Structure formats: C-alpha cells, structure tokens
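Understanding the architecture of this molecule
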Amino acid sequence: MTVLVVGSGGREHALALAISKDPAVAAVHVAPGNPGTAGFATNHPVDILDGPAVAALAVDLGVDLVVVGPEAPLVAGVADAVRERGVACFGPGAAAARLEGSKAFAKQVMADAGVPTARSRTATTPEQAAAALDEFGAPYVVKADGLAAGKGVVVTDDRQTALDHAAECGQVVIEEYLDGPEASLFVITDGVTAVPLPPAQDFKRVGDGDEGPNTGGMGSYTPLPWLPGGTVERVMAEVVEPTLARMRDLGAPFTGLLYVGLALTKAGPRVVEFNARFGDPETEAILPRLNTGLGTLLLAAATGALAEQPPLEVSGDACVGVVLAAKGYPATPAKGCVITLPDEPEGVHVIHAGTALDARGRLVAAGGRVLVVVATGSDIADARERAYAHIDRIDFADGFARTDIASQARLDAIAARLGRDRREQ
C-alpha cells in the first residue's frame, strides 16, 4: 500500500517511520513533513487545516490510506474531507474529534457513559470559576475547554493563578484533583473493535523533578513495570467500551486513536483526559515496540476490519524517548541554532519534532521541542542509558533535556506509592 501521513512534528515522523517498516507498505508520503521524514519518505507542502487540499493531495498521489497526526486538522474535519473523496482515513471526523476539541463535551460523554473520572464544573464567567474552585479546593485544576497544544492545563495551589488562567481561557473545565501517578493508554479503534497499545508514561513539566510549567511533554517510556496487573483490561471495560458505545449512540462513532490519559488513584483508574490522536512524545516510545505492521493495522481500523486482524505483537524490549528542547521552551524558544547529528548506533534513532533547513542547507532548531532521542534496550535502565549517551553526542548548543526521564528512583517511588495506596484501601 501507499500511505500519506499528515503533519510535521515528532509524532508524524515516528508514525511515518513505523509505517515505512511495515512489509505491506510500498511508499510513504508526509505532508508537509520535516527534514527527518525526508530521509525515508516523500514530503509535500500542504496546509494541514485545509481538508479539500489534503484530500486532493491524497487522490493525486493515489494513496490507499491517509493518517492524520495532529489534533487541529482532526477537529477541523480533515478526516471527513478525505473520506468524502473515497480515500480511507485513520482519524476521527470532526464530530467525534470533539472528545479532544472540547473538554466540556468529553466530560458530558463520560458522565453519560458512566466512565470514572474527576468531578468537574464548566465555567464561563469569573463568578462560576471562583465557585468551582471553592467547591473542589486546592490543588486547583483548570483546563481550557478547547485545543491548547498540551499547555492549556494549570494545576496550582494558588487560587489567584487558577482564576487568572480561567479568565484568559474563557470557557474552562474546573475539576477535583486526581491524586496518583499518571499513565497513557492508546487505543486503536474502528468504532466498535478496540485494540490497546502498550501503556506509557510521559513527563509534562519542563524541569527535573516535575518542576516548572507544563509542556507538550519532555520524554516518555514503556513498559510501566509499576502498573498494577489488570489495569489495561479494566480501562478497556470501564472506559473505552462505554465511551465508544456512547459515541455511536450520538451518531458520531469514534474511529482512529483514542488516547486515554489516566490517573491511578486509590479508588482505581480515573480518566484525566481524552485525546483524539496519538500522543506526543509517548508515540515515539511506543511504536518501536510494535512487531505488528502499523500500516496494515491502521488501514484495518480505517476500513472497519479491525476485528479480522490477528492479535497485536509487541516486543519485550523497553523503550525510552528523551526530548531535546530549545532554550526558552515552553515560553519563547530560541530558533535558528545549528544542529549536528552523529551516526545512530543500533537501537537508537532520532525523531525530528521541530527542525528545518536554513538557507545553507544546515539543520537548525525551528520549534520548542526540537528532537526526540529514542532508544530501545533489554530493560528501562538499558534503554535510558543508551538514550542519554546519544544525547551527549549531539551538537546542539541551545538544546536542553530533562535528566530524570524514566530514572530508577522515579520508578521505585511510583511503585512504592502504589503499594502504599493499595495497603490503605
């Protein structure tokens, strides 16, 4: 088959790379792509929010499958436009993508479906926001209702900071704080059948020890050795299946990738958020563990044939991805710094998340999160060591990374906390 991946970031580079390794895939195109995808796929300029333009490109290229990576084009209805031209598309239509496009809509779907999640209130005025904050108390959790590139959430003990964020966002969802380690579960679905991928954990804060502001994610790892047994099965039964059923009832069946962000509380898994696409940077760590052909799997989901696929094959290896961000991220990242990448040793590869070529053809930083160094290993410690060793070899003067992604101390602390929580139940 021939596949077109829509987007230009790290997630799309990782998707296109994994798809290109599927023996059933003959060619991969990426629109618009980045310098990293140009090494193994064909890049095409396109406005990813222009559904008719994306659909026309797919038809012109004669592709068998379009994979829409980012959330904004999904919410804008790009998948609908592609399907209207008779091309299979992996990704929800605009109506179903509201699970990510509106936090208030997602909360209503969860309430209707009986999905375990935090109690919440939707606020559109300062008075409503203040009342909701006082109802739930600190820590205060305030979420912008619409898309915010992973940076629309404020969790703070300072009431005024919470109020200010609510005022800046307009409509917000204010929730009770869910206390517990978080995990990400990606579920591929054709609207009826659902297949979970290996769970992962990402790191949202910009600094070591989870200090500083929220970002789009500074690194991730999989598997999760501390995850209680049966968690995935429980989430599929209590969260995914009821949600998919409710979306069908609403006349907006969800097909594509349902991202379930979870908090593992004393009372069990609770949904923190839904996303309507592959998460970034978890995708970079999860996909290298798949032995099943990704292009084949996504085409089956896009054509309603997921139930006919054999069981998912997953490697026993561990994978760690560490983000190299530009100085100043997430506020005002520095751009234009020249980057020199060394040869990649076995088990290590570099994903481009925010790069470009300058007028002299040199690789330069062009975004906040610039690179993701991904390494596989026999266990998490091995993969982590390989990733950080390669980061040390990259020449990127303005680049920085967290030093504690998937650290053993962190894993031990999570495991100890989960064990304590279970004893206290």
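Everything here concerns the structure above.
Treat the numbers as computed from the prediction; the structure is a model and nothing was measured. (Residues numbered from 1 in each chain as written. Predicted model: local features only at pLDDT ≥ 70, side-chain atom pairs only at ≥ 80, totals over all residues. Heavy atoms only, no water.)

1. Some words on the sheet that holds strand β4 (residues 65-68)
Here is the rule: Pairing between strands requires that DSSP locate at least two bridges from one strand to the other. What counts as a helix is a DSSP run of H or I of at least four residues, what counts as a strand is a run of E of at least two, and both are numbered from the N terminus. By the convention used here, residues are in contact when the closest approach between their heavy atoms is within 4.5 Å. Note on geometry: axes are lines fitted to C-alpha atoms, helical ones only across the stretch in contact, with angles between N-to-C directions running from 0 to 180 degrees.
Reading across from one edge, β3-β2-β1-β4-β5 is the order of the five strands in this open sheet, with parallel pairing throughout. With one partner strand each, in any of the chains shown, β3 (42-43) and β5 (88-90) form the two edges of the open sheet. Bridge analysis of strand β2 (residues 27-32) against β3 gives two bridges, and the strand direction is parallel. Bridging from a neighbouring strand, V30 pairs with N43 of β3. Strands β1 (2-7), β2 and β4 of the sheet are contacted by helix α1 (residues 10-20), whose axis makes an angle of about 170 degrees with β1. Across the sheet, helix α2 (residues 51-61) touches β1, β2 and β4, and the angle it forms with β1 is around 160 degrees.

2. What to know about the nonpolar core
Just so we agree on the cut-off: The term nonpolar core refers to a set of buried residues drawn from Ala, Val, Leu, Ile, Met, Phe, Trp, Tyr and Cys, joined through side-chain atoms within 4.5 Å. Summary of the burial criterion: residues with accessible area below 20% of their type's maximum are buried, those above 50% are exposed, and those between are partly exposed, where the area comes from a 1.4 Å probe applied to protein chains only.
In terms of nonpolar packing, the biggest core is built from 75 residues, with V66, L99, Y221, W226, V260, F274 and F396 touching the most fellow members. With seven residues, helix α9 (residues 231-249) is the single largest residue contributor to this core. Ignoring sequence-local partners within four residues, the contact set of V260 consists of A183, S184, L185, V235, V239, V240, V271, E273 and F274. Listed in part, the 44 residues of the second largest apolar core include I19, V28, I188 and A325.

3. Focus: the pairing of strand β22 (residues 369-377)
With respect to burial, β22 is a largely interior element, seven of its nine residues being buried. In the sheet, strand β18 (residues 318-326) pairs with β22 via eight bridges, with the strands oriented antiparallel. Looking across to β22, one finds that L324 is bridged to L371. Relative to β22, strand β19 (residues 348-352) runs antiparallel, the two being bridged by five bridges. Of the residues in β22, the one forming a bridge with H349 is V374.

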